[in-house]
Amino acid sequence: MALKIALWLLVVLASLHSTSSLGSDRHLKEIVLGRCWDFQRQKVYAVNAKNCSQLWETFSKAFAYKDPCATNFSDYEPFFDEVGMDIVKMNKSLFWSGTYKEAHMYSDFDFRLTTLEDTMAGWMMNNLTWCGSQNKSSDGINYTSCPSCDDWPFWGLASKRFAEKANGIVRVLVNGSRSINGTPAAYSKKSFFGRLELPNLNKSKVIKLLILVVHNIGGPVLEVCGNGSIKEMENDAKKRGIQTTCHDNPAEIQHLLCADFPNSRECQFLASGARNATKSVSCGYWKLAAIVTISIAGILLLAAIIGLINVKTRKKKDPLFNYSHGIEE
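Where an unreviewed UniProt entry is consulted, the chain appears under the name ADP-ribosyl cyclase/cyclic ADP-ribose hydrolase, with the organism given as Stylophora pistillata. Of the comments in the UniProt record for the chain, the one headed Sequence similarities (unreviewed entry) reads "Belongs to the ADP-ribosyl cyclase family."

Listed below in structure tokens is the structure:
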């Protein structure tokens, strides 16, 4: 009896592990359609016009009425062929691994750089959950529970297409504080970047891969440029004929991170900069005051000299001031 109970518990735990707590997002269709139109409204000059209703139909056909774990890349290819990657421009591709928040703060929805989630396909589906249901009486979407394999084909193909589109100087933002099972892992061959994005960069179009390493504010510094898994990433890129340059804690990203943690040890350079700025302003004030004072004194001196010259000139030309003329007469 005890053995049966133990086996039953194992089955339940396995079931809980393999499914998410919730199924597909409610109003999934409406959310996707709204995002589709909103993306085009915001990026009207960056993408070709798309028919959002048609995009939804193509997208839903990829998974509706299907076993969630039976879908594959080929199911989503018609959708990606239709939606395209128009927004990806030269020198603007930003890949990320373990740095979702930091990457999107940095990209700023394509204003600085472009992440996968800044493309139309990524924007429409970002942070959504969906999976199919084989129940023919429904709309083919499971709103109760989705297995962990549900969206892998979509994001896998999205990553592959995004990498293939990258050109010029491309960037990848990784977390030098990350560890997996106790092992430092800023770069992992099992990540989307390691499995699908780096292998699909086209060396004939990519000039260089810039590796940007950031560390958690207040967190450990487990890896830096030139060692550990980051060195492994550099080697993998070079095997593909792609040159790399690595930067630890780039200033432009560090400033963004410090906006949330201005008093942290890593962000003390901001306080130092503020003090220097105050000193500079104070020094600049006194310099300005001195310049103004000297200028006024100079103007007054010049006015006095001009006045003396005018007096002497009048003495020479005006008979009233020419005393020698009066004596001669």
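Participant: Requested: an account of the overall build of the chain, with residues and values cited.
Facilitator: Scanning the chain from N- to C-terminus turns up 12 helices and 6 strands. Across the 329 residues of the chain, 38% fall into the buried class. Sequence-distant contacts, at least 24 apart, represent 73% of the contacts inside the chain between residues at least 6 apart.

Participant: Break down the state of the cysteines for me, with residues and values.
Facilitator: One pass over the structure, following the stated rule, counts 5 disulfides. Across a sulfur-sulfur distance of 2.1 Å, Cys-131 and Cys-146 are joined as a disulfide pair. Here the S-S torsion is close to -80°, and the disulfide linking Cys-131 with Cys-146 is therefore left-handed. Placement of Cys-131 in the loop between helix H6 (120–125) and helix H7 (152–165) and of Cys-146 in the loop between H6 and H7 is noted, with a sequence separation of 15 residues between them. The burial state of Cys-131 is the same as that of Cys-146; both residues are buried. At a sulfur-sulfur separation of 1.9 Å, the disulfide partner of Cys-258 is Cys-267. Across the disulfide from Cys-258 to Cys-267, rotation about the S-S bond amounts to roughly -85°, and the bridge is consequently left-handed. Each member of the pair Cys-258 and Cys-267 is classed as buried.

Participant: Just give me the short version of the confidence of the model for the chain, but keep the residues and values in it.
Facilitator: Mean pLDDT over the chain stands at 85; residues scoring 70 or higher make up 80%. Across residues 1–20, where pLDDT falls below 50, the model places 9 contacts with residues more than four positions away in sequence or in other chains. Low confidence marks residues 320–329, where pLDDT is under 50. Its contacts with residues over four positions away, or in another chain, come to 4 contacts.

Participant: Could you give an account of the side chain of Thr-115, naming the residues involved and the relevant values?
Facilitator: Along the chain, the position of Thr-115 falls in the loop between helix H5 (100–107) and H6. Classification of Thr-115 as buried rests on a relative accessible area of 0%. For Thr-115, the side chain forms a polar contact with the side chain of His-104, separated by 3.2 Å. With residues up to four places along the chain from it excluded, the contact list for Thr-115 reads Leu-94, Trp-96, Ala-103, His-104, Ser-107 and Phe-162.

Participant: For the packing of helix H2 (residues 28–42) against helix H3 (residues 52–61), give the residues involved together with the corresponding values.
Facilitator: When two helices pack together, their arrangement is given by the angle between their axes and by how far apart the axes lie. In the contact formed by H2 and H3, the axes pass within 9 Å of each other and the chain directions differ by 135°. As the angle between them shows, H2 and H3 are arranged oblique. Considering only the axes of H2 and H3, their crossing is right-handed. In this structure, H2 uses Leu-28, Lys-29, Val-32, Leu-33, Cys-36, Trp-37 and Gln-40 to contact H3, whose residues at the interface are Cys-52, Ser-53, Leu-55, Trp-56 and Glu-57. Its residues placed into classes, the contact of H2 with H3 shows 8 nonpolar, 2 polar and 2 charged.

Participant: An account of the pairing of strand E5 (residues 206–214) is requested, with residue identities and associated values reported.
Facilitator: Within E5, 7 of the 9 residues are buried, which leaves it mostly tucked inside the rest of the structure. Pairing between strand E2 (residues 168–175) and E5: 8 bridges, direction parallel. Residue pairing for E5: Val-170 is matched across the bridge by Leu-209. In this structure, E5 lies alongside strand E6 (residues 244–248), joined through 5 bridges in parallel fashion. Opposite Leu-209, over in E6, you have Thr-244 as the bridge partner. Regarding topology, helix H9 (residues 228–239) serves as the crossover connection from E5 to the parallel E6, and that connection is right-handed.

Participant: Hey, could you go over the sheet that holds E6 for me, with residue numbers and the actual values?
Facilitator: Strands belonging to one sheet form pairs held by backbone hydrogen bonds; the direction of such a pair is parallel or antiparallel. Pairing is parallel across the open sheet formed by 4 strands, whose spatial order is E1-E2-E5-E6. Two strands lie at the open edges of the sheet, namely strand E1 (94–97) and E6, each paired on one side alone. With direction set aside, neighbouring strand axes in the sheet form an average angle of 20°. Taken strand by strand, H5 contacts E1, E2 and E5, and its axis lies near 160° from that of E1.

Quick notes on the rules
Residues numbered from 1 in each chain as written. Predicted model: local features only at pLDDT ≥ 70, side-chain atom pairs only at ≥ 80, totals over all residues. Heavy atoms only, no water. UniProt positions renumbered as here; feature names shortened; annotations may be inferred. Helix = DSSP H or I, 4+ residues; strand = E, 2+ residues; numbered from the N terminus. Buried < 20%, exposed > 50% of the residue type's maximum accessible area, 1.4 Å probe, protein only. Contact = heavy atoms within 4.5 Å. Disulfide = S-S within 2.5 Å. pLDDT = per-residue confidence, 0-100. Polar contact = N/O pair within 3.5 Å; in protein donor to acceptor, adjacent residues only side chain to side chain. Axes fitted to C-alpha atoms, helices over the stretch in contact; angles between N-to-C directions. Parallel < 35°, antiparallel > 145°, perpendicular 65-115°, else oblique. Left-handed = near helix turned anticlockwise from the far one by under 90°. Nonpolar A, V, L, I, M, F, W, Y, C, P; charged D, E, K, R; others polar. Pairing = 2+ DSSP bridges. Right-handed = clockwise from strand over helix to strand, strands pointing away.

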